[in-house]
Amino acid sequence: MKTCLCLLLVTLFLAGCGDSKARYVITPAEDSVQTRLSVSSIEVRDVSLPAYASASEIIVENPDGALQPVAKAIWADDPLRAVTGALAQSLDVKSTAIVAAEPWPLSEAADIQLTVRVDQMIARADGTFAFSGQFAISSSTGAWRDRLQRFVVVVPMADTSAAAVAEATGRAIDGLADEVLALLKQRA
């Protein structure tokens, strides 16, 4: 009986020591206006993120420029998967094309592939979220002439809380989706 009671107390103690960090989701905005495109399908390749942005901690810039994690807060999903999925979702909702993240789930290849390499993804101390890098549009089917373009998206943040950073991240991804769609629309 004493052994069972000790095991129960140890189990309850260990359960209380579990992860107490809040988890935040990157969610793009739901946009009802669709851009008509000449391509019918887009494969979003895994987005390449800098090391600090691919960690599970939500990072903000201090006034001295140092990047620090927000206390007791982490991303709800792997950032690489979350950013790739949010971008694919945003492009899907905002365009007439079928959009999915890699690996492409359909038997027929996508008309185009989108590759994104992020240089900066920072919640700045000045109250803005900076999202920049380069994206490439390529096509193995000949549906599109290959293009490479830089992007810079800056969105305001309410504050540097984890919730504000998550919300700004979603809006910045939407901004990138808008830039991709603007380029694709040129051929529509």
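Further up the page is the structure itself.
Analysis parameters
Residues numbered from 1 in each chain as written. Predicted model: local features only at pLDDT ≥ 70, side-chain atom pairs only at ≥ 80, totals over all residues. Heavy atoms only, no water. Helix = DSSP H or I, 4+ residues; strand = E, 2+ residues; numbered from the N terminus. Expected span 1.5 Å × (residues − 1). Buried < 20%, exposed > 50% of the residue type's maximum accessible area, 1.4 Å probe, protein only. Contact = heavy atoms within 4.5 Å. Salt bridge = Lys/Arg side-chain N within 4 Å of Asp/Glu carboxyl O. Polar contact = N/O pair within 3.5 Å; in protein donor to acceptor, adjacent residues only side chain to side chain. Pairing = 2+ DSSP bridges.

### A look at helix α3 (residues 79-94)
Then comes step 1: An ideal rise of 1.5 Å per residue puts 22 Å on 16 residues; α3 measures up with 22 Å between its terminal C-alpha atoms.
Then comes step 2: Listing the buried residues of α3 in full gives P79, A82, V83, T84, A86, L87, A88, S90, L91 and K94.
Then comes step 3: The secondary structure elements touched by the buried residues of α3 are β2 (41-44), α2 (51-54), β4 (67-75), β5 (98-101), β6 (112-123) and α4 (162-185).

### Thoughts on the pattern of salt bridges
Between side chains of opposite charge, a pair can form as their charged atoms come close.
Then comes step 1: Tallied over the entire structure, the rule returns 5 salt bridges.
Then comes step 2: Residue R124 pairs with E61 through a salt bridge whose shortest N-O separation is 3.1 Å. Taken together, the positions of R124 in the loop between β6 and β7 (128-138) and E61 in strand β3 (residues 57-61) put the pair 63 residues apart, joining distant regions of the chain. No difference in accessibility class separates R124 from E61, as the two residues are buried.
Then comes step 3: For the salt bridge of D178 with K94, the shortest nitrogen-to-oxygen distance reads 2.6 Å.

### What about the side chain of S95?
Then comes step 1: Of note, S95 is situated in the loop between α3 and β5.
Then comes step 2: For S95, the side chain forms a polar contact with the main-chain oxygen of L91, separated by 2.7 Å.
Then comes step 3: When near neighbours in sequence (up to four residues on either side) are disregarded, S95 contacts Q34, T35, L37 and L181.

### What to know about the pairing of β3
Then comes step 1: Among the 5 residues of β3, 4 are classified as buried, and the element is accordingly described as predominantly covered.
Then comes step 2: Relative to β4, β3 runs antiparallel, the two being bridged by 4 bridges. The residue bridging E57 from the neighbouring strand is I74, located in β4.
Then comes step 3: Taken together, β3 and the strand that follows it, β4, pair antiparallel across an intervening segment of 5 residues, in which G65 is found at a positive phi of about 95 degrees.

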